[in-house]
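# Examination of the molecular architecture
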Amino acid sequence: MEDADSVATLLETTTSKIQQLQKAFAELESQRAVTLNLKWKQIEEHFHGLEKSLKRRFTELEDQEKEFEMKTVRAQQVIEKRRAVVMAKEESSLVRLQVKRDAAVTAISKTLGRNKNGDAQFVDEKPLDAVDSEAMNSLFEDGDVKLLTNPELAKFCEEMDAGGLHKFISDNRKNIASIKEEIPIALKAASDPGGLVLDSLCGFYVSEGSIVDGKKDANLLGLRRTCIMLMECLSVLLTNLDANTVSKVISVNVKDRAKIIAQEWKPKLDELDLDASNGNSLEAHAFLQLVATFGIDSDFVHDDLSKLIPMVCRRQQTADLCRFLGLSDKMPGVIDVLVNNGRHIDAVNLAFAFELTEQFCPVTLLKTYLAEAVKVPSTVKAGNASPTAQNDVSERELSALKAAIKCIEEHKFEHRYPLEPLQKRIIQLEKAKADKKRATEVVKPQSKRPRANGVAAGYGQRNTNITPDQNFYATRYAPPTQYMYDNRPPYAYPGPPENHVHTFVGTPTYNIAPNQGNYFGNGYQYQAPYLH
């Protein structure tokens with residue numbers, strides 16, 4: 001500001017300087033020996049022009065400085081708001097973390113019976129093995145097991161029959177909702193719930209020599225879904241147990257078995273195609289659920305686990321699995337991968353699930369998704385797109401619009417992205433599709449239908465008005481030939497030949513079947529398409 005004030009002061013003294021220059025110029029002119037070509041008026045105009053130019057430029061600089069100061073203030077306000085939001089989220093996270101920490105400390109304290117001095121002493125004088133045995137007995141008491149509406153579940157669990165459990169679930173798919181609710185209770189009847197669930201994973205992958213396609217075989221797909229459901233049910237059971245009992249259900253032996261299975265499954269996941277999985281891979285979901293349920297995530301790098309998220313992002317359990325495995329901080333990278341692969345809808349769903357909508361704007365993602373849907377593939381030259389390619393683009397745009405509307409409705413941000421323009425565009429595309437279908441619809445040619453007398457339709461004579469006598473004379477006397485007309489005047493009707501029979505006998509009638517349409521040389525009938 002000091003520099004600006006000094007410049008303004010100098011500009012104000014310009015007039016006095018010009019006056020001094022005028023006096024000097026007058027004195028010079030009075031003492032000149034020769035006549036000067038310049039006049040004072042020209043010099044004065046020149047300096048006044050410079051003065052105006054400098055003042056105008058100075059005013060522009062002042063306006064730019066004020067605008068810059070205003071932008072700086074607004075940017076600082078935005079930063080302060082974001083800082084407040086981040087601090088609020090951090091405080092909320094700290095509160096939730098503290099609650100979980102207190103709950104864990106309380107559970108550990110109850111289990112170990114810590115006193116106020118912090119010395120580990122048990123509440124009773126029973127040995128550790130006795131306490132563990134009582135915890136296991138309380139876990140497997142059959143009071144709630146007897147209340148199951150599907151008692152067969154408890155029977156299979158008690159017998160540790162993984163195959164029978166699979167078959168029962170497969171045979172009762174119609175009641176899968178109630179079965180899924182009762183399996184965590186039924187697992188209490190098993191002597192080793194964790195081992196039973198691991199046994200149920202046998203057959204998840206077909207043998208190497210088998211020709212069965214895992215993506216098309218219905219039985220294998222059902223088995224894989226059942227395996228995932230059993231692991232989820234075991235997780236539900238574990239959440240209702242204290243830490244000491246959980247360590248007994250997921251024993252060291254069970255955890256080692258789970259690690260071996262995970263190590264066998266991991267190379268198979270590396271062969272999966274990200275695009276082919278379409279965000280609904282049962283293999284990747286089962287692996288993540290295995291790692292989460294049996295607590296073996298420490299044996300795998302989080303970056304490797306996060307690479308599997310795009311393969312399962314369309315499954316309902318994905319968000320909970322990511323949080324349980326501690327992958328929440330990896331979500332921005334996962335969303336970037338989805339966007340780069342053209343899966344903007346999945347990216348929007350994850351952004352809402354992990355509260356990343358400020359970093360990844362849903363409206364921007366959806367607009368980009370719709371813009372990509374209408375692009376003609378680079379393999380097709382501009383202006384030379386075939387009707388098939390154009391139809392593909394229209395179908396792709398129609399599907400994209402419907403997916404975008406569904407996404408907006410699910411996450412309820414219609415106020416940010418109105419649905420009306422999208423719905424109007426869908427109506428236009430569907431109308432154009434229907435019009436094109438009607439315009440290109442061609443009536444199939446009629447086939448030759450044999451008649452009772454063996455003559456194909458459209459070729460035989462249908463002289464139903466000829467009497468038997470007329471047929472006799474028609475076959476005896478031929479119709480007029482061309483030479484009979486050589487000497488007749490133009491357009492004259494040919495008379496009967498001189499030596500003809502009685503006048504009541506006429507030429508045979510050649511009639512075409514009524515309403516048969518137009519016939520061409522190939523014998524097929526063509527009709528104009530019916531226009532609605």
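Residues numbered from 1 in each chain as written. Predicted model: local features only at pLDDT ≥ 70, side-chain atom pairs only at ≥ 80, totals over all residues. Heavy atoms only, no water.

### What about the confidence of the model for the protein?
Taken over all residues, the pLDDT of the protein has a mean of 75, while the share at 70 or more is 68%. Considering only residues more than four positions removed or in separate chains, one finds that residues 114–140, a stretch of pLDDT under 50, has 29 contacts. Here residues 481–532 is modelled with pLDDT under 50, and outside its nearest four sequence neighbours on either side it reaches 37 contacts, counting other chains as well. (pLDDT = per-residue confidence, 0-100. Contact = heavy atoms within 4.5 Å.)

### A short note on a negative patch on the surface
On the surface, Glu62, Asp63, Glu65 and Glu69 cluster together to form a negatively charged patch. Secondary-structure assignment places Glu62 in helix α3 (residues 40–112). (Patch = residues over 30% accessible without salt bridge, like charges linked within 9 Å, V, L, I, M, F, W, Y side chains within 5 Å. Areas by Shrake-Rupley, 256 points an atom, 1.4 Å probe, with all protein chains shown as cover. Salt bridge = Lys/Arg side-chain N within 4 Å of Asp/Glu carboxyl O. Lys, Arg positive; Asp, Glu negative; His and termini not counted. Charge placed at Lys NZ, Arg CZ, Asp CG, Glu CD. Helix = DSSP H or I, 4+ residues; strand = E, 2+ residues; numbered from the N terminus.)

### Some thoughts on the nonpolar core
Counting residues in hydrophobic clusters, the biggest one holds 92 residues, and the most contacted among them are Ile183, Leu234, Phe287, Leu290 and Phe294. Beyond its immediate stretch of four places on either side in the chain, Phe287 contacts Ala262, Trp265, Lys266, Leu269, Phe300, Leu305 and Leu308. (Core = buried A, V, L, I, M, F, W, Y, C linked by side-chain atoms within 4.5 Å. Buried < 20%, exposed > 50% of the residue type's maximum accessible area, 1.4 Å probe, protein only.)

### Description of unusual backbone geometry
One non-glycine residue with positive phi stands out, namely Glu355, at about 55°. Structurally, Glu355 can be placed in the loop between α18 (344–353) and α19 (362–373).

### Comments concerning the packing of aromatic side chains
Tallied over the entire structure, the rule returns 6 aromatic pairs. Among the aromatic residues, those joined into a ring-pair cluster are Phe204, Tyr205 and Trp265. When the ring centre of Tyr205 is taken as origin, the NZ or CZ atom of Lys268, which lies over that ring, is 5.3 Å away. (Phe/Tyr/Trp six-rings, centres within 6.5 Å; stacked < 30°, edge-to-face > 60°. Lys NZ or Arg CZ within 6 Å of the ring centre and 35° of its normal.)

### Digging into the layout of surface pockets
A volume near 800 Å³ is recorded for the largest pocket. Forming the walls of the largest pocket are 22 residues, and the residues nearest its centre are Ser93, Arg96, Lys100, Arg323 and Ser328. Listed by contribution, the elements that provide at least two residues to the lining of the largest pocket are α3, α16 (318–324) and α17 (331–340). A per-element tally of the lining of the largest pocket places α3 first, with 8 residues. Classifying every residue of the lining of the largest pocket gives 9 nonpolar, 5 polar and 8 charged. One number sums up the size of the second largest pocket: a volume of about 620 Å³. For the second largest pocket, the lining is made up of 25 residues, of which Ser235, Thr239, Ala292, Thr293 and Phe324 are closest to its centre. Elements that contribute at least two residues to the lining of the second largest pocket include exactly α9 (218–239), α10 (243–249), α11 (252–270), α13 (282–293) and α16. In terms of residue count, α9 provides more of the lining of the second largest pocket than any other element does, 6 residues in total. Taken together, the residues that form the lining of the second largest pocket break down as 11 nonpolar, 8 polar and 6 charged. (1 Å grid on protein atoms, 1.4 Å probe; cavity = no way out; pocket = protein on both sides within 12 Å on 5 of 7 lines; lining within 4 Å. Points joined across faces, edges and corners; volume = space filled by probe spheres on them. Nonpolar A, V, L, I, M, F, W, Y, C, P; charged D, E, K, R; others polar.)

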